[in-house]
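# Per-entry structural report
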Amino acid sequence: MTVLLSIIAVTLLAISVWQITKIFEISNLGAKKDDSQVASEKDNDLQGKLMFAFLVFIYLVTIYSFVSYTKVLLPESASEHGYTYDTLLIISFIIIFIVQTVTQALLHYFAYKYRGINGRKASFITHNNKLELVWTVIPAIVLFALILYGMTTWSDIMNFDEDEDALVVELYAQQWNWKARYAGDDNVLGDANVRFLNDFDGRNSVGIDASDPNGLDDVVVTQEFHLPVDRKVIFKIRSQDVLHSAYMPHFRAQMNCVPGMITEFSFTPTTTTDDMRLNPDVVAKVNRINKIRYDNSQELIAKGQEPLEPYQFDYLLLCAKICGASHYNMQMKIVVESEKDFNKWLNEQKTFSEIIQ
Amino acid sequence: MSAAVNNNVENHDDHHHHKETFITKWVFSQDHKMIAKQYFVTGVLVMGVIGVLMSLLFRIQLAWPEESFSVFEIFLGDRWAPDGVMNPNIYLALVTIHGTIMVFFVLTAGLSGTFSNLLIPLQIGARDMASGFLNMIAYWLFFISSVIMVASLFVEAGPAAAGWTIYPPLSALPQTQPGSGAGMTLWLVSMAFFIASSLLGSLNYIVTVLNLRTKGMTMFRLPLTIWAFFVTAIIGVISFPVLLSAALLLIMDRSFGTSFFLSDIFVQGEVLHYQGGSPVLFEHLFWFLGHPEVYIVLLPALGITSEIIATNSRKPIFGYRAMVASILAIAFLSTIVWGHHMFVTGMNPFLGSVFTFTTLLIAIPSAVKAFNYIATLWKGNLQLNPAMLFSIGLVSTFITGGLTGIILGDSALDINVHDTYFVVAHFHLVMGISALYGLFAGVYHWFPKLYGRMMNKTLGYVHFWITAIGAYGIFFPMHFIGMAGVPRRYYTNTAFPYFDDLADINVLITVFALITGLAQLIFLYNFIHSMYFGKKAEKNPWKSNTMEWTAPVEHIHGNWPGKIPEVYRWAYDYSKPGKKEDFVPQTTPIAKGEKITEH
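Residues numbered from 1 in each chain as written. Chains lettered and ligands numbered in written order. Predicted model: local features only at pLDDT ≥ 70, side-chain atom pairs only at ≥ 80, totals over all residues.

### Let's talk about the overall build of chain A
The condition that has to hold: Only DSSP runs of H or I with at least four residues qualify as helices, and only runs of E with at least two residues qualify as strands; both kinds are numbered from the N terminus onward. For the radius of gyration, the atom set is restricted to C-alpha positions; the globular benchmark scales as 2.2 Å times the number of residues to the power 0.38. To sort residues by burial, count the other C-beta atoms lying within 10 Å of each one's C-beta; a count of 20 or more means buried, 12 or fewer means exposed, and anything in between means partly exposed. C-beta atoms are built from the backbone.
On a plain count of helices and strands, chain A comes out with eight helices and 10 strands. Relative to the 2.2 N^0.38 estimate, which gives 21 Å for 357 residues, the radius of gyration of chain A is 29 Å and therefore markedly larger than a compact globule would have. C-alpha atoms of chain A, sized along the principal axes, occupy 95 × 65 × 40 Å. Within chain A, the proportion of its 357 residues that are buried is 36%.

Next up, the structure:
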């Protein structure tokens, strides 16, 4: 079947190329047949007009993409610094659009307007210092403003204090899953190293040093981890084998996981999972996804297979750094909830000392 | 002026004492024009086809994940596509080798190798490269490198699959993925040959430009093509050795038990002995080449475009000195911005600020170049042949792709788009497509110089328009997939129901990719057909000012029969007032009472 389809596709393509070639040839009929690559006046005329049409095409692609793809983008940020991030992003995009619209218009319009006519001489203009100064200085000013804004945002995000009441969470990466470790009542993570991974018949899943008393009350979880809303979280990030990257797009957060090194990131979640599920953009997205999943399920059922489960929104931790075969499926669910629910959930988990007994 | 050396005419006569055999003419040729063709055939026609084909295979997988395709079985075999379903390891290998081939083999060796070799001697008025022998060695090292890279596709455990950036520990430990065994060894050996080739080539280009310019060809009379090739060669000489050192250290870690890049690693139930190294060190070494590499790819394309836009606008290039200055500024800045690939690697946040600063500075010379191209078109008399269309297309994709750089270069904004499809869309437009357009423009423009014949115009137009629409069709929607949070190098997005509503966009992109990929067959056909059956070229078909068009159409040893012409003016006296024709070749003496153009 696929062979047939691909043959048909190739044939159709060949035919369309042939047809387009024909059109070009017919449009050239009046001129004396010269296919030697030097553009005739007729060529210039047609290609110049096509250049203008291409400008329209670029604008249409832009408009179409924004109209139909804006809805697939990430919903508003669920972390405190994320609002600053989104503002800076929008400002950058506005600048990009203004520059893109104007420069593409000039480029393609000139290509159309000045398309060659036999016997006309171009203007002899070699340079214009004033003009060149203008288009050097204006981008420079805009960029300096952007750099200043960007650098302040960056240092606000990256230079966080290790204050007392911040929650410390370790993200632990390996091929191909995530684990999270909570610091327990003392809020201090016990020392850890991959050398301890084989202790206690492999039950020491993130390699905690059992001789460090800080580690005994630590809690290790898999599959999902929870965060209390409106409390600052400091992530200490480790990897046991290759590079991974802890990517939490809804919180505008990403940091690589480097074996032999502890990297850090911090944010304050502002929206619980339940609240995010009520966000109109998220509701719309979930409905769209479920419609697709329903349609796909019908096909599966027709083939006698299990249908897909309906989708419910959850925050995600993904791996963004190539790490081997199952890189595409290295995920962990993040649940943001009230401090009370969070404490209740955490107390239900086993501590390290309970696990190794 | 004093630096311009008149070539030794007697030396040229020496050549004729040797009798040319088939081997010295076609295989071990020391003639720069033949070497240029060899680079083109190996780098673009062979490696390019392999690289593009790979991208089509993984695009099919991304659009219709885990479905069975007989085309997979044909190309990947039973081992990597049992029942026609692609294996995740080979997916990563395809992505890796596609990147490696396109960046290094096609857009570095294929582009610079072809056009630096063809144009440097011809446009500066030299008999050949400074060392024809080294030039030949450079090509053959590149050839060996290509053979090894292609051979690596056939090893038992599969080719390298750690991404074209081959970050350790993934690339260092065969336990972490099958491609990091013999496949990675061959990758590293191939790249070592490649770097050696690139260094010999670059040194030759630099020496030739500095020493072998004909009488009157001062540095500020050089066409912008030569400036671009010259500066590209300098960047290459500065940065490629650093990649070589990274590759050598990685070989040590892989085979001799050192710990340059590895520390505290636990794989398959075993604690490895590595202690004290850091993968971040590798990232620094890699990107110290990796970022300048972007400009090694792009600057020659921009140089080619400058020449073609000026010639076909029948107008001097706008702001010649500003163009030279921006090439130099880009070259300088390119060596101090590598850290913007590493904002979220755990590097000190202060360094992030520094690299944001230097990175966004690079936008200024880039903007100057774009504005100067547009100003060159203004009030011109545009000859819209296929080469010119590709050049204008380059300016368009250079702007579209370059602008998103102000998001990725800004450390704060990079956090959430780092390693997503947003990056893929950005760099494919700004360096991939732009450099390819430069390559195509160059081929259409200098085909008469390469083969003494003209390519077919109509096929050229069709090739351009399908490619132009396809390039935007592929990469414009891709930005949105990235902004939606999809990381790159995912074998499929189906593991995340959250990405289900992006499946349509992926199908759309793949359809555009297939059409655009197949459209390149038009170019291949046009190229090969015109080689043998194209209309015979005139000496100066584009009415261009540069020196290569004063040389005879037939290729001869030493380029010019008799004395090398002298140069009296810059390369851009197009439509000069008071002249009958709308071009004045560089070799035309200044007429009585004519004012030398100030530029």
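### Regarding the overall build of chain B
Using the following cut-off: A pair of residues counts as a contact when their C-beta atoms, built from backbone coordinates, are separated by no more than 7 Å.
If you tally the helices and strands in chain B, you get 18 helices and two strands. Taking 599 residues into account, the globule formula puts the C-alpha radius of gyration at 25 Å, and chain B, at 24 Å, falls close to it. For chain B, the C-alpha atoms occupy an extent of roughly 85 × 50 × 50 Å along the three principal directions. Residue burial in chain B is summarised as follows: out of 599 residues, 64% are buried. Of all intrachain contacts in chain B linking residues separated by at least 6 positions in sequence, the fraction that spans at least 24 positions is 81%.

### Structural notes on the sheet that holds strand β2 (residues 177-182) of chain A
Residues and elements named next belong to chain A. Applicable threshold: Paired strands, as defined in this entry, are two strands with at least two bridges between them according to DSSP. Interaxial angle, 0 to 180 degrees, is taken between N-to-C directions of lines fitted to C-alpha atoms, where a helix line uses only the stretch in contact.
Read from one edge of the open sheet, five strands run β3-β2-β1-β5-β8, paired in mixed fashion. The open sheet terminates on both sides in strands that have one partner only, identified here as β3 (219-222) and β8 (263-267). Averaged over all pairs of adjacent strands, the angle between their axes in this sheet comes to 25°, without regard to strand direction.

### Here we look at the packing of helix α8 (residues 224-255) of chain B against helix α9 (residues 279-313) of chain B
Residues and elements named next belong to chain B. Selection rule: Each angle is binned into one of four classes, with values under 35 degrees roughly parallel, values over 145 roughly antiparallel, values of 65 to 115 roughly perpendicular, and all other values oblique. Left-handed describes a crossing whose near helix is turned anticlockwise from the far helix by less than a right angle; the clockwise case is right-handed. Amino acids outside the nonpolar list (Ala, Val, Leu, Ile, Met, Phe, Trp, Tyr, Cys, Pro) and the charged list (Asp, Glu, Lys, Arg) are all regarded as polar, and Gly is one of them.
Relative orientation of the contacting elements α8 and α9 amounts to 160°, with a least axis distance of 8 Å. Classified by the angle between their axes, α8 and α9 sit roughly antiparallel to one another. When you trace α8 past α9, the crossing you get is left-handed. The class makeup of the residues in the contact of α8 with α9 is 23 nonpolar, seven polar and one charged.

### Re the sheet that holds strand β10 (residues 331-337) of chain A
Residues and elements named next belong to chain A. Reading across from one edge, β4-β10-β9-β6-β7 is the order of the five strands in this open sheet, with mixed pairing throughout. Every interior strand has two partners, whereas the edge strands, β4 (224-228) and β7 (253-257), have only one. Shown here is a sheet whose adjacent strand axes are inclined to one another by a mean of 25°, direction ignored. As paired elements, β4 and β10 share five bridges and run parallel to each other. Across the sheet, H226 pairs through a bridge with V335, a residue of β10. Where helix α7 (residues 339-348) meets the sheet, it contacts β4 and β10, and its direction lies at approximately 140° from that of β4.

### A short note on the interface of chain A and chain B
Contacts between the two partners involve 112 residues from chain A, matched on the other side by 121 residues from chain B. Listing elements by their share of the side of chain A that touches chain B, those giving two or more residues are α1 (2-27), α2 (41-69), α3 (80-113), α4 (129-158), β6 (244-248), β7, α6 (280-302) and β9 (315-319) of chain A. Top element by residues in the side of chain A that touches chain B is α4 of chain A. It accounts for 15 residues. The class makeup of the residues in the side of chain A that touches chain B is 63 nonpolar, 35 polar and 14 charged.

### Let's talk about the domain arrangement of chain A
Residues and elements named next belong to chain A. Let me state the cut-off plainly: Where each domain begins and ends follows an automated or database-derived domain assignment.
The assigned domain composition of chain A is domain 1 (2-28 + 38-118 + 127-158) and domain 2 (167-276 + 308-356). For domain 1 versus domain 2, the separation of C-alpha centres amounts to 41 Å. Facing the eight residues of domain 1 at the interface are 13 residues of domain 2. A class-by-class count of the residues in the side of domain 1 that touches domain 2 yields three nonpolar, four polar and one charged.

### Structural notes on the packing of helix α13 (residues 386-403) of chain B against helix α16 (residues 421-451) of chain B
Residue and element names in this part refer to chain B. For the pair α13 and α16, the least separation of the axes is 8 Å and the interaxial angle reads 170°. Considering their axes alone, α13 and α16 lie roughly antiparallel with respect to each other. Crossing angle aside, the handedness with which α13 passes α16 is left-handed. Contacts between α13 and α16 pair P386, A387, F390, S391, G393, L394, T397, F398, T400, G401 and G402 from the former with H426, L429, V430, I433, S434, Y437, G438, F440, A441, Y444 and H445 from the latter. Looking at the contact of α13 with α16, its residues break down into 12 nonpolar, 10 polar and no charged.

### Some points on the confidence of the model for chain B
Residues and elements named next belong to chain B. Our working definition: What pLDDT expresses is the predictor's confidence in each residue, scored from 0 to 100.
When the pLDDT values of chain B are averaged, the result is 93; 97% of them are 70 or greater. Throughout residues 1-17 the model reports pLDDT below 50, and contacts reaching past four residues in sequence, or to other chains, amount to 23 contacts. Quick note on the complex model: pTM equals 0.93, ipTM equals 0.92.

### Quick look at unusual backbone geometry
Cis geometry is found at the peptide bond from Q175 of chain A to W176 of chain A, where omega equals -10°. Tracing the sequence through the fold places W176 of chain A in the loop between β1 (167-174) and β2. The amide bond that connects P168 of chain B to the next residue, P169 of chain B, takes the cis arrangement and shows omega of 0°. Tracing the chain through its elements places P169 of chain B in the loop between α6 (132-151) and α7 (182-211). Positioned with a positive phi, D83 of chain B is a non-glycine residue whose angle comes to about 55°.

### Topic: the pairing of β10 of chain A
All names here are of chain A. Here β10 shows a buried face lined by M332, I334 and V336 and an unburied face lined by Q331, K333, V335 and E337. With four bridges connecting them, β9 and β10 associate as antiparallel partners. Bridging from a neighbouring strand, Y315 pairs with I334 of β10.

### Points about α2 of chain A
Under the convention used in this document: An expected span of 1.5 Å times one less than the residue number is assigned to each helix.
Its 29 residues give α2 of chain A an end-to-end C-alpha distance of 41 Å, which sits within 8% of 42 Å, the value for a rise of 1.5 Å per residue. Of all the residues in α2 of chain A, the buried ones are D43, N44, Q47, G48, L50, M51, F54, I58 and Y69 of chain A. Where the residues of α2 of chain A are buried, they touch α3 of chain A together with α13, α17 (457-483) and α18 (503-533) of chain B.

### Quick word on the environment of N290 of chain A
All names here are of chain A. As for its placement among the helices and strands, N290 is situated in helix α6. Taking C-alpha positions, N290 is 17 Å from L73, a pair spaced 217 residues apart along the chain. The residues touching N290, leaving out its near neighbours within four places in the chain, are P310 and Y311.

### Re the environment of A310 of chain B
Residues and elements named next belong to chain B. Within the fold, A310 resides in helix α9. Counting along the chain gives 235 residues from A310 to N545, while the straight-line C-alpha distance between them is 10.0 Å. Here A310 is in contact with K315, P316, I317, T376, Y572 and Y574, once residues within four sequence places are set aside.

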